Amino acid sequence: MKLTLVLANQRSGSTLLCQDIASLGGMGVPSEHFIQVVGKGNDGVVGADRIRALAALNAPGDVAAVKLMVNYASTVDNHIHDRDQLLSPAEACRSFITWARETYDRVNLVVIIRENVIDQAISRFMAETTGVYHSWDLRNGEAYPDIAEKLKQERSMWRLIDLCVTLLREKRTLCDTAAEHSDIGRLFTYESVVDDLEGTSEALRSLGVSNGMTPERQTAVRRLKKVVSDETADKLRTNLANYLQRELLPHLSGAGA
């Protein structure tokens, strides 16, 4: 059996990219199946066989597919190898891909990052705050509630800054992993995926073919829609910029530096 592995972090466009892969056909239907063993209410059943079975859920033909998020890669890797302690996320991603390459006939590695980490942090904060992660989560067709006022609260600024640091670290892990496994993988960006459906489809098709898969369509069909208005996003960026200007930037040129 072959495996399509999508490696990502939260709010990077991975759900859209997974839908593109599934829509093209022939490369599996990647989803976050590992949530069953790392999320709340997991059944505690661990081991390499279970991980492989989860990847094979909804697998058409001989292609399994799964999405692995950087933040729980260490837990998934531990399920496979039953280590005494968890590896770092970077080490865990490397270990999982090594296991996948030894376990499957071929591995099709798709890695996605979001270049603009500030927008990614804002998107993640808004999702955490509102519970709206994708367009199908919307109630009555409404967009995100306007939380610009909430973002002015100091604790919200702290959370945003913390998210930026976390996302920068995860972005480096994703880029390094893609570079290390460039013979089977390709690095995509949120920005290019959102802006260029045809280019994304062609890149996915080319990668799949190089890894022994047979895409069935020329261009993916999309149904996921943007749920954050440009106006709201601009307000949130402004609030964060004002906070940094007021609280942090003055100290960069302070006496005694």
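Everything quoted here is computed from the prediction, not taken from an experiment.

Asks: Hey, could you run me through the overall build of the protein in this one?
Replies: For the protein, the helix and strand inventory stands at 11 helices and 4 strands. A total of 257 residues make up the protein; the buried ones form 47% of that total. Within the protein, contacts between residues separated by at least 24 positions form 75% of all contacts whose residues are at least 6 apart in sequence. Surface exposure of the protein reaches about 13000 Å², of which carbon and sulfur atoms provide 48%.

Asks: Mind showing me how you'd approach helix α8 (residues 154–180) here?
Replies: Given 3.6 residues to a turn, an α-helix orients residues that are three or four positions apart in the same direction. With 27 residues, α8 extends 40 Å between its outermost C-alpha atoms, agreeing within 8% with the 39 Å of an ideal straight helix rising 1.5 Å per residue. Listed in full, the buried residues belonging to α8 are S156, M157, L160, L163, C164, L167, E170, K171, T173, L174, T177 and A178.

Asks: Got a minute to help me understand the side chain of N211 in this structure?
Replies: Position of N211 among the secondary structure elements: in the loop between α10 (197–210) and α11 (230–247). Classification of N211 as buried rests on a relative accessible area of 2%. Aside from chain neighbours lying at most four places away, what touches N211 is R106, V107, N108, L109, D183 and I184.

Asks: Sorry, what's going on with the nonpolar core here?
Replies: Generally speaking, a soluble globular protein has its nonpolar side chains buried in company with each other. Core analysis: the largest hydrophobic core is formed by 50 residues, its most contacted members being F34, L68 and F96. When neighbours within four sequence positions are excluded, F34 is seen to be in contact with I51, L54, A55, V66, K67, L68, Y72, V76 and F96. Ranked by size, the runner-up nonpolar core spans 13 residues in total, among them A121, I122, M157 and L240.

Asks: What is the right way to read the packing of aromatic side chains from this model?
Replies: Two measures describe an aromatic ring pair: the distance that separates the ring centres and the angle between the ring planes. As enumerated under the stated definition, the model contains 3 aromatic pairs in all. Seen in terms of ring centroids, F34 and F96 are 5.8 Å apart; in terms of plane orientation they differ by 70°. Their pairing is edge-to-face. Residue F34 is found in the loop between α1 (14–24) and α2 (35–38), and its partner F96 is found in helix α5 (residues 89–103); the two are separated by 62 residues along the sequence. In this structure, F34 and F96 share a single accessibility class: buried. Centre to centre, the rings of W99 and Y104 are 6.1 Å apart; their planes meet at 90°, and the pair counts as edge-to-face. Exposure remark for W99: the relative accessible area of 10% places this residue in the buried category.

Basis of the calculations
Residues numbered from 1 in each chain as written. Predicted model: local features only at pLDDT ≥ 70, side-chain atom pairs only at ≥ 80, totals over all residues. Heavy atoms only, no water. Helix = DSSP H or I, 4+ residues; strand = E, 2+ residues; numbered from the N terminus. Buried < 20%, exposed > 50% of the residue type's maximum accessible area, 1.4 Å probe, protein only. Contact = heavy atoms within 4.5 Å. Areas by Shrake-Rupley, 256 points an atom, 1.4 Å probe, with all protein chains shown as cover. Expected span 1.5 Å × (residues − 1). Core = buried A, V, L, I, M, F, W, Y, C linked by side-chain atoms within 4.5 Å. Phe/Tyr/Trp six-rings, centres within 6.5 Å; stacked < 30°, edge-to-face > 60°.

Purely geometric stuff here, so don't read any function into it on its own.
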